[in-house]
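Chains, contacts and geometry: an overview
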Amino acid sequence: MSEELNGNELEQLHDAITRTIKAGMPDLLHVEAFPDLEARFRVPALFFGLTEFKPGQDTGTGKTAIHGKFQALVLVDSTHKHAPLQCMWIATRLATLLRGQYWDLEFTEDARDVHAEPTSHPQLESCMVWGVSWTQVFHVGEAEWPWDDESQEVIWNVDVVAG
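Only a predicted model underlies this, so the values are computations on that prediction, with no experimental measurement involved.

A word on the layout of surface pockets. By volume, the largest pocket amounts to about 300 Å³. Taken together, 19 residues make up the lining of the largest pocket; nearest its centre are T51, Q71, A72, L73 and G131. Among the elements of the structure, β2 (45-55), β3 (64-77), β4 (112-119) and β5 (127-140) are those that each provide at least two residues to the lining of the largest pocket. For the lining of the largest pocket, the class distribution of residues is 10 nonpolar, 7 polar and 2 charged.

This brings us to the packing of helix α1 (residues 9-24) against helix α2 (residues 83-98). Contact geometry for α1 and α2: axes closest at 11 Å, N-to-C directions at 120°. Looking at the two axes, α1 sits oblique to α2. Seen along the crossing, α1 lies across α2 with a hand that is right-handed. The segment α1 lies against α2, with T20, I21 and G24 engaging R93, L94 and L97.

For the rest of this paragraph, the subject is unusual backbone geometry. At the junction of V43 and P44, the peptide bond is cis and its omega measures out at 5° in the coordinates. Note on placement: P44 falls in the loop between β1 (30-33) and β2. Located in the positive-phi region is F34, a residue other than glycine, with phi close to 50°. In this fold, F34 is placed in the loop between β1 and β2.

Moving on, we come to the nonpolar core. Core analysis: the biggest nonpolar cluster contains 30 residues, and I21, L46 and L94 have the highest contact counts within it. Residue assignment for this core shows that the elements contributing at least two residues are α1, β2, β3, α2 and β5. Per-element accounting of this core gives the leading share, 7 residues, to α2. Apart from the residues lying within four places of it in its own chain, the contact partners of L46 are I21, L28, H30, V31, E32, A72, L73, V74 and L94. Listed in part, the 7 residues of the second largest apolar core include L37, A45, L124 and V129.

What counts, and at which threshold
Residues numbered from 1 in each chain as written. Predicted model: local features only at pLDDT ≥ 70, side-chain atom pairs only at ≥ 80, totals over all residues. Heavy atoms only, no water. 1 Å grid on protein atoms, 1.4 Å probe; cavity = no way out; pocket = protein on both sides within 12 Å on 5 of 7 lines; lining within 4 Å. Points joined across faces, edges and corners; volume = space filled by probe spheres on them. Helix = DSSP H or I, 4+ residues; strand = E, 2+ residues; numbered from the N terminus. Nonpolar A, V, L, I, M, F, W, Y, C, P; charged D, E, K, R; others polar. Axes fitted to C-alpha atoms, helices over the stretch in contact; angles between N-to-C directions. Parallel < 35°, antiparallel > 145°, perpendicular 65-115°, else oblique. Left-handed = near helix turned anticlockwise from the far one by under 90°. Contact = heavy atoms within 4.5 Å. Core = buried A, V, L, I, M, F, W, Y, C linked by side-chain atoms within 4.5 Å. Buried < 20%, exposed > 50% of the residue type's maximum accessible area, 1.4 Å probe, protein only.

Interpretation note: all reported values are geometric properties and have no functional meaning in isolation.
This is the structure in structure tokens:
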């Protein structure tokens, strides 16, 4: 990625999703965000990315809330004897992994609205494909304190009367 993107929330989020899926689903031979579909890859594979977003509810922190939709493609070899069942099973495992998922990041809310169904893609005709989508709110930017720094010394005087 370019220097400008290095370390931003979107890169951190996609890296964390990749790590979590690889750790939670070690039988996948390839996991990648925004892959080059023309490149060769080994199956079973899982490709994913943020595919659309809209503004989320303002939290008043100065950070921008983004309500994102993520989509994943689960790919298996269509010549495999049990390809439909294998693909469906991997999609089910991903849906299970998504339950309450924050990706161990402080700027994300939990994954919600998980949906899976068989799909097709013209560049992936040799594969059985299931699509899995979910929504997730994440927050980008710097937190802001909206008031001027008006630091003042505060003195408390407590008069205790002994009784």
